[in-house]
Amino acid sequence: MPRSTKKTILIIANENSNTKEIFRKIKKLNYSSLFAEHFTDAIDQISSVDTIDLVLVDVDFVNDVNGVQVAQKILDDKKLPVVFMAINPEDTLISKMEAVSHFGIIDKNCTEYILKSTIELAINHSAKIQKLNLFEQNDSLKKSEQKYKQLFELSQDAIVLST
């Protein structure tokens, strides 16, 4: 069955009024959304739902572990684009996220336009990176193939292949 073109966003956050506002905006922008309020729920959803296009992680997530730790664990398991969200992001908060690959941070009170732009940028950029990685893997495989072909052709000794 072909996959729907509607993008799915997993939101990992404590349930509060700001999170509900993000949900409302995501629904209004015509994205599908999933919600995880606990670290284990987030990991279970990442493992079991293969249609997740982006993960929005609340940096202030405090139920089990902090948002940066959640994002790192997600990236260890799957290569999904991650966008952090916070109320009034500050330089000290941003420095905590430097060690984690992410596609930005948004203020929880941002406009729909900023939210949509950030989501689309992260999803599109992530797709381009994945294509580039596949290209590089293919290129590496071709180089290896050429090296062994040349080794085979230049070899003075008999080479026996068996299956």
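For the structure given in this document, a descriptive report is provided here. (Residues numbered from 1 in each chain as written. Predicted model: local features only at pLDDT ≥ 70, side-chain atom pairs only at ≥ 80, totals over all residues. Heavy atoms only, no water.)

### Observations concerning the overall build of the chain
Secondary structure summary: the chain contains five helices and five strands in total. Secondary structure of the chain in N-to-C order comes out as β-α-β-α-β-α-β-α-β-α. Going through the 163 residues of the chain one by one, you find that 33% of them count as buried. A sequence separation of at least 24 residues applies to 63% of the contacts in the chain between residues at least 6 apart. Of the roughly 10,600 Å² of accessible surface on the chain, a fraction of 53% belongs to carbon and sulfur atoms. (Helix = DSSP H or I, 4+ residues; strand = E, 2+ residues; numbered from the N terminus. Buried < 20%, exposed > 50% of the residue type's maximum accessible area, 1.4 Å probe, protein only. Contact = heavy atoms within 4.5 Å. Areas by Shrake-Rupley, 256 points an atom, 1.4 Å probe, with all protein chains shown as cover.)

### Details of the sheet that holds strand E5 (residues 105-107)
Two orientations exist for strands paired in a sheet by backbone hydrogen bonds: parallel and antiparallel. Taken together, five strands build an open sheet; the order of strands is E2-E1-E3-E4-E5 and the sheet is parallel. Each having just a single partner strand, strand E2 (32-36) and E5 make up the two edges of the open sheet. Going across the sheet, the axis of each strand differs from the next one's by a mean of 25 degrees, ignoring polarity. Here helix H1 (residues 17-28) sits on the sheet and contacts strand E1 (8-12), E2, strand E3 (52-58) and strand E4 (82-86); the angle it forms with E2, its principal contact strand, is near 160 degrees. Against the sheet, helix H2 (residues 39-48) touches E1, E2 and E3, its axis set at about 140 degrees to E2. (Pairing = 2+ DSSP bridges. Axes fitted to C-alpha atoms, helices over the stretch in contact; angles between N-to-C directions.)

### Notes on the pairing of E2
Pairing geometry for E1 and E2, over five bridges, is parallel. Within E2, the position partnered with Ile 11 by the bridge is Phe 35. Crossover E1 to E2 through H1 is right-handed. (Right-handed = clockwise from strand over helix to strand, strands pointing away.)

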